[in-house]
Amino acid sequence: MSLLLSLQVQRSALFQLDINTALPTSGITAICGPSGSGKTTLLRCIAGLETPPKGMVQFAGQDWQTERQSLKPEQRGIGLVFQDSQLFPHLTVIGNLNYARKRQFSGTGPSLEQVCHWLQITPLLTRSTDKLSGGERKRVAIARALLRHPQLLLMDEPLTGLHDSARDEMILILQDLPTYLDIPVIYVSHSFHEVSRLANHLILLDKGTIIGEGDLIGLSTRLDLPLSRQQGAGAVLLAQLHDHDPEYELSTAAVDTHHLLSIKQINAMQGQSLRLFIAARDVSINLDAPKNSSIMNILPCIIDTIECSPDTPSHTQVTIRLKLETQYLLAHITRKSCDRLDLKAGQRVFAQIKTIALINEYGVAP
Ligand SMILES: Nc1ncnc2c1ncn2[C@@H]1O[C@H](COP(=O)(O)OP(=O)(O)OP(=O)(O)O)[C@@H](O)[C@H]1O
């Protein structure tokens, strides 16, 4: 079952959205790309808020848009969460939620109690919406969308405007959603780091077209995509929780079975699957195994590819793809360092990663 899309939208002489793809109808699919690449336009077409004349949208065998007809947004059974929450200001939190409950698409779906528990909004129910923090508003907006019992949830930059701790809190809540609720989610964000913590499948947009799509982990280290060269680039690795070191509040994760990485302590059981995001700027390269280094994560690896592309943010930087056993790391280092160490593809080196740099709270089953 897929979400089939064939869409051409001419916005102006400068911008055309041209999409032909099949998205999975399970898990979280992220649509990522720079500002103006067409992410919101694509989402609006899926929702039926725009119906381009040359368009086809089919969800799990249901025709939402064909050449002859198009279902209205409310006929598609979609939950929508926008950047600005769009809560009704004259209603309390429970008033907003009840509005959605009276307009459910189907009789089967989560209850008010369940949704409030997942989104941690039970204590807020009687509050007026103008007395909510930014993060609370977002959580109520998601709860409202879920209470319509949608068959697909569309989220457009839902974390915009949140400060770091509220953003982290929201990510943890969103990470848990698939364990409660088995509906596909399409999640738009310009931040690869954000989606790397949430999504299984990734669509990369640039100038209205898809420049990469597939499994998020595989795409994260593809050097032919601009993702690997941008500031927030990094490898997403699969790992298993190896053990905990409570004295130092650290945990150890095993990557490719025998590479052990020291990470900040996480709440996971031995053997539990984890995802780690290792930012390319946090990886340095040594020719020899460093001794007496404060850095505990020293991984032997082989240089797979060195990319020195003139369209990197600065031509002073190179991107290096390093092979562990089956998985890859990315490293951003200066071109000067690369020349000084005379790095070459095929060379055996040691990658160093500071434990402090590892974002580790994923706990998402791959
Ligand atoms: N209503 C409109 N009329 C004309 N052009 C539009 C309209 N809405 C968007 N555009 C243009 O279409 C292009 C894609 O816009 P869109 O909002 O889909 O991009 P985006 O990737 O979501 O961007 P951002 O991350 O900045 O929100 C942009 O060039 C934008 O200026």
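Residues numbered from 1 in each chain as written. Predicted model: local features only at pLDDT ≥ 70, side-chain atom pairs only at ≥ 80, totals over all residues.

Per an unreviewed UniProt entry, the chain goes by the name Sulfate/thiosulfate import ATP-binding protein CysA and belongs to Zhongshania aliphaticivorans.

Caption draft 1: Inspection of the UniProt feature "domain: ABC transporter" (unreviewed entry) in the chain at higher detail. The UniProt record marks residues 1–232 with the feature "domain: ABC transporter" (unreviewed entry), using the residue numbering of this structure. Strand forms 26% of residues 1–232 and helix 28%; the C-alpha atoms that close the span are 33 Å apart. (UniProt positions renumbered as here; feature names shortened; annotations may be inferred. Helix = DSSP H or I, 4+ residues; strand = E, 2+ residues; numbered from the N terminus.)

Caption draft 2: Highlighting the packing of helix H4 (residues 134–146) against helix H5 (residues 164–180). One can describe the packing of H4 onto H5 by two numbers: an axis separation of 10 Å at closest approach and a directional angle of 20°. Compared by their axis directions, H4 and H5 come out roughly parallel. For the element pair H4 and H5, the recorded crossing hand is right-handed. Contacts from Gly134, Gly135, Lys138 and Arg139 of H4 reach H5 at Ala166, Glu169, Met170 and Ile173. Residues belonging to the contact of H4 with H5 are distributed by class as follows: 3 nonpolar, 2 polar and 3 charged. (Axes fitted to C-alpha atoms, helices over the stretch in contact; angles between N-to-C directions. Parallel < 35°, antiparallel > 145°, perpendicular 65-115°, else oblique. Left-handed = near helix turned anticlockwise from the far one by under 90°. Contact = placed C-beta atoms within 7 Å. Nonpolar A, V, L, I, M, F, W, Y, C, P; charged D, E, K, R; others polar.)

Caption draft 3: How the structure looks around H4. In a regular helix each residue adds 1.5 Å, so 13 residues correspond to 18 Å; H4 covers 19 Å between its end C-alpha atoms and thus fits that length. Where burial is concerned, most of H4 is hidden: 12 out of the 13 residues are buried. For H4, the set of buried residues is Gly135, Glu136, Arg137, Lys138, Arg139, Val140, Ala141, Ile142, Ala143, Arg144, Ala145 and Leu146. Considering only its buried residues, H4 is in contact with strand S6 (78–81), helix H2 (93–101), helix H3 (112–118), strand S7 (152–156) and H5. (Expected span 1.5 Å × (residues − 1). Buried ≥ 20, exposed ≤ 12 C-beta atoms within 10 Å, placed from the backbone.)

Caption draft 4: The arrangement of the nonpolar core in detail. Core analysis: the largest hydrophobic core is formed by 90 residues, its most contacted members being Ala30, Ala143, Tyr187, Leu329 and Ala331. At 6 residues, the largest contribution of residues to this core is made by H4. Each of domain 1 (2–229) and domain 2 (234–364) contributes no fewer than three residues to this core. When sequence neighbours within four positions are dropped, the list of residues in contact with Leu329 reads Ala235, Ile278, Val283, Cys301, Leu322, Leu324 and Ala351. (Core = buried A, V, L, I, M, F, W, Y, C linked by C-beta atoms within 7 Å. Domains from an automatic or database assignment.)

Caption draft 5: Highlighting the environment of His258. Structurally, the position occupied by His258 is in the loop between strand S12 (250–255) and strand S13 (259–264). Among the residues examined, His258 registers 8 C-beta atoms within 10 Å and is labelled exposed. Along the chain, His258 and Ile203 lie 55 residues apart, while their C-alpha atoms are 32 Å from each other.

Caption draft 6: Layout of the packing of H2 against H4. One way to put it is that H2 packs onto H4 with a least axis distance of 8 Å and a crossing angle of 25°. Classified by the interaxial angle, the pair formed by H2 and H4 is roughly parallel. You can see that H2 and H4 cross each other, and the crossing is right-handed. Where H2 approaches H4, its residues Val93, Asn96, Leu97 and Ala100 are matched on the opposing element by Val140, Ala143 and Arg144. Looking at the contact of H2 with H4 residue by residue, the classes come out as 5 nonpolar, 1 polar and 1 charged.

Caption draft 7: View of the sheet that holds strand S4 (residues 54–59). Overall, antiparallel pairing links the 4 strands, which are arranged S2-S1-S4-S5 in an open sheet. With one partner strand each, in any of the chains shown, strand S2 (16–24) and strand S5 (62–65) form the two edges of the open sheet. Sheet twist, expressed as the average angle between the axes of neighbouring strands with direction ignored, equals 15°. With 9 bridges joining them, strand S1 (residues 2–10) and S2 adopt antiparallel strand pairing. From the neighbouring strand, Leu5 faces S2, where its bridge partner is Thr21. (Pairing = 2+ DSSP bridges.)

Caption draft 8: Summary view of the site of the ligand. All residues in the neighbourhood of the ligand are listed as Arg11, Ser12, Phe15, Gly33, Ser35, Gly36, Ser37, Gly38, Lys39, Thr40, Thr41 and His190. In terms of residue class, the shell around the ligand is built from 1 nonpolar, 9 polar and 2 charged. (Near = placed C-beta within 6 Å.)

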